[in-house]
Amino acid sequence: MFSAKTYKERRRTLKERLGSGLVLLLGNEDSPMNYKANIYPFRQDSSFIYYFGLDLPHLAGVIDIDENKEIIFGDELTMDDIVWTGPQPSIKTLAEKVGITETKAYQKIQKVLHAAQAQRKTIHFLPPYRSHNQLKLARYFDLAYDVVPQHASVSLIKTVIAQRAIKSAEEIEEMEKAVNTTREMHMQAMRMAKAGMKEQTLVGAVMNIAIRHGGQLAYPVIMTINGQTLHNHHHHNTLQSGQLVLGDYGAETSMRYAGDITRTFPVDKTFTTRQKEIYQIVLKAEEESIAALRPGIPYQEIHLKAAEIITDGLKNLGLMKGDTQEAVRAGAHALFFPHGLGHMIGLDVHDMEDLGEDRVGYDEEIKRIDQFGTKYLRLGRKLEEGFVLTVEPGIYFIPELIDQWQSEGKHHSFLNYEKINSYKDFSGIRIEDNVLITAGGYKILGDRIPKTVEEVEALRSEA
Ligand code: GLY
Ligand code: MN
Ligand code: MN
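Remember, it's a predicted structure, so these values are computed and weren't measured experimentally.

So, the coordination of the manganese ion (ligand 2)
Part 1 of the argument: Coordination sphere of the manganese ion (ligand 2), protein contribution only: Asp248 (OD), Asp248 (OD), Asp260 (OD) and Glu432 (OE), at 2.1 to 2.4 Å.
Part 2 of the argument: Seen from the manganese ion (ligand 2), its 6 donor atoms lie at angles of 56 to 171°, and the figure they make is irregular.
Part 3 of the argument: In this structure, the manganese ion (ligand 2) is positioned 3.2 Å from the manganese ion (ligand 3), and both are ligated by Asp260. Pair noted here: Asp248 is in strand β10 (residues 244-249) and Glu432 is in the loop between β15 (428-430) and β16 (433-437), with a separation of 184 residues, a long-range link.
Part 4 of the argument: The class of Asp248 is buried, set by a relative accessible area of 5%.
Part 5 of the argument: By relative accessible area, which is 0% here, Glu432 ends up buried.

Here's the deal with the coordination of the manganese ion (ligand 3)
Part 1 of the argument: Around the manganese ion (ligand 3), the protein supplies Asp260 (OD), His343 (NE2), Glu392 (OE) and Glu432 (OE) as donor atoms, at distances of 2.1 to 2.2 Å.
Part 2 of the argument: Around the manganese ion (ligand 3) sit 6 donor atoms; with metal-centred angles ranging over 48 to 157°, the donor geometry is irregular.
Part 3 of the argument: Between consecutive donors of the manganese ion (ligand 3), the numbers of intervening residues give the motif D-x82-H-x48-E-x39-E.

What to know about empty space enclosed by the protein
Part 1 of the argument: Under the definition given, this model contains 2 cavities of 30 Å³ or more.
Part 2 of the argument: Empty space within the largest cavity amounts to approximately 170 Å³.
Part 3 of the argument: In terms of lining residues, the largest cavity is bounded by 16 residues, among which Leu26, Asp45, Leu126, Pro127 and Asn133 are the most central.
Part 4 of the argument: Listed by contribution, the elements that provide at least two residues to the lining of the largest cavity are β1 (22-26), α2 (46-52) and α6 (131-140).
Part 5 of the argument: The leading source of residues in the lining of the largest cavity is β1, at 3 residues.
Part 6 of the argument: When grouped by side-chain class, the residues that make up the lining of the largest cavity number 10 nonpolar, 3 polar and 3 charged.
Part 7 of the argument: In this model, the second largest cavity occupies a volume close to 70 Å³.
Part 8 of the argument: Contributing to the lining of the second largest cavity are His343, Met344, His350, Asp351, Glu353, Gly356, Glu357, Val360, Gly361, Arg378 and Leu379.
Part 9 of the argument: Residues belonging to the lining of the second largest cavity are distributed by class as follows: 3 nonpolar, 4 polar and 4 charged.

So, how was this worked out
- Residues numbered from 1 in each chain as written.
- Chains lettered and ligands numbered in written order.
- Predicted model: local features only at pLDDT ≥ 70, side-chain atom pairs only at ≥ 80, totals over all residues.
- Heavy atoms only, no water.
- Donors = N, O, S within 2.8 Å, 3.2 Å for Na, K, Ca; no water.
- Tetrahedral: all angles 85-135°; square planar, octahedral: opposite > 155°, others 65-115°.
- Helix = DSSP H or I, 4+ residues; strand = E, 2+ residues; numbered from the N terminus.
- Buried < 20%, exposed > 50% of the residue type's maximum accessible area, 1.4 Å probe, protein only.
- 1 Å grid on protein atoms, 1.4 Å probe; cavity = no way out; pocket = protein on both sides within 12 Å on 5 of 7 lines; lining within 4 Å.
- Points joined across faces, edges and corners; volume = space filled by probe spheres on them.
- Nonpolar A, V, L, I, M, F, W, Y, C, P; charged D, E, K, R; others polar.

In C-alpha cells form, the structure reads like this:
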C-alpha cells in the first residue's frame, strides 16, 4: 500500500475536480467458483484501490464532497470468521491506514444514501461490471437491474479516467516492478522451451515466478504454438521443431499494477528464414511505433503508421501489393494485423476498461474507426505525459479468415492470395512492450527483454 498521504491527495483531487455531490465507490466481494465457500482469488476493484487502497472484500467508500466527509463502510470479523480465515485489523485501523477516520457498518450505506437523496444531493457511482455490485446499486437506488449502468455518473467516470490515466512517480516505480517480474517470466520460458515439451509446462513455470514475487497474473496466460488465435488460452499442445511459441502474459504486483508483455520465439534454437522475415517486420513496426511516441501525437496515427510498416514489409515478401497507404485506408492489412496497436495499462491490464473503452481511449477530437481490425484499437486519442500504454503489433496467418476473404475476393488488389495460402501453417508473431510517455518522448518500462532476432536466439541457445 502507498502512504495515507497518497490516498488523501487522490481523494482531494477528485473532490476538487468533481466539485459537488456524494461519491459512492463499491469494493468487490468474494466470488464463488462452484459453491459459495470455494472462491476465486480475490481481486479488488481498481478504482476502489486507487482512492481507498484497501485490498479486502466487502468494503465500500463514500466521499461526501459537499460536507467534506469520507467514510469507509465494512464489518468487523465475527469469531467464526476469525476461526476460518484468521484475524484482521479493525475497520477503523484499516481506514486510518488510508487517512480516513470515519467508519460505519456496511449496512449503513443505505441510510447514508437515503439522507443524501433527501437533501437532493447528486450521488455519483461508477458503472458496475460484477453482478453483486449491480444488484446492490439496483437496490440502493430503486432501479431495475438492467438499467443500473445507464445511471452511472458520466462526470465521475470522466474525472476518474483523467486522474488514473496520469501515472505518478510511485505508480511508475510499481509498474517497473511488474514489468521486471514479467521479464523474468519471459526469459525463463525462452530458456527452458524445447521440442517435446507441453505448452502447459511453460505456463506453470511462468506462473511460479509471478507468485514467487508476491503477486499473481494480470490476466490469463497466452502460451501457444497457435499464436494466430489472438487470445488463445489452450495450453495442451506439444511443442514441435519448426514451430513458434507466442507468449503473452504479465505479472500483477502485490499492489495490483499490471505488466503485459509479448514475445515470440522459435521452438528450435534459431528462427527459420521465413520466420525471421516476418519477425523483422513486426519488430520494425514495434520499434518505429515506440520511437514515434511523445505527448500530443494521436495513438490512432501511430497505429496506422504501424499498419503501413506491416504492409510495406509484406509487399516486400510478395504477400501484399499495391499502394501502401491505399491498402491501409481500405483495411487490407487487417488480414494479417486484425487488432489494435495497444491500450492503456495500470491497475488494470486494459486500464479502466470497466469505465468504457471509448471514454478511456477516444474523445471529441478522435473517434474510433469502424473498420475490421482498426475497430479493435482501444486507444486512439492524443498521448499525454504520464500515460502508460502498450505497443503490440503483430502479424498472423489465420486460415479461416484467409479462406473467407479469398472466397469473397476481398481486397484482391492488395492481397496476393496464392502466396498467402502458402503461409497458412505459419501461426503468428506479436511483440509487446509497456511504455511511459514522458515530457520529451517515451521510456520503455523495465529492463530490456530480449527482442531482436540475435537477442532471442542467444537466449534460446541456453535451452
Ligand atoms: N494480453 C492482452 C493484451 O495484450 O491486450
Ligand atoms: Mn498482451
Ligand atoms: Mn496488451
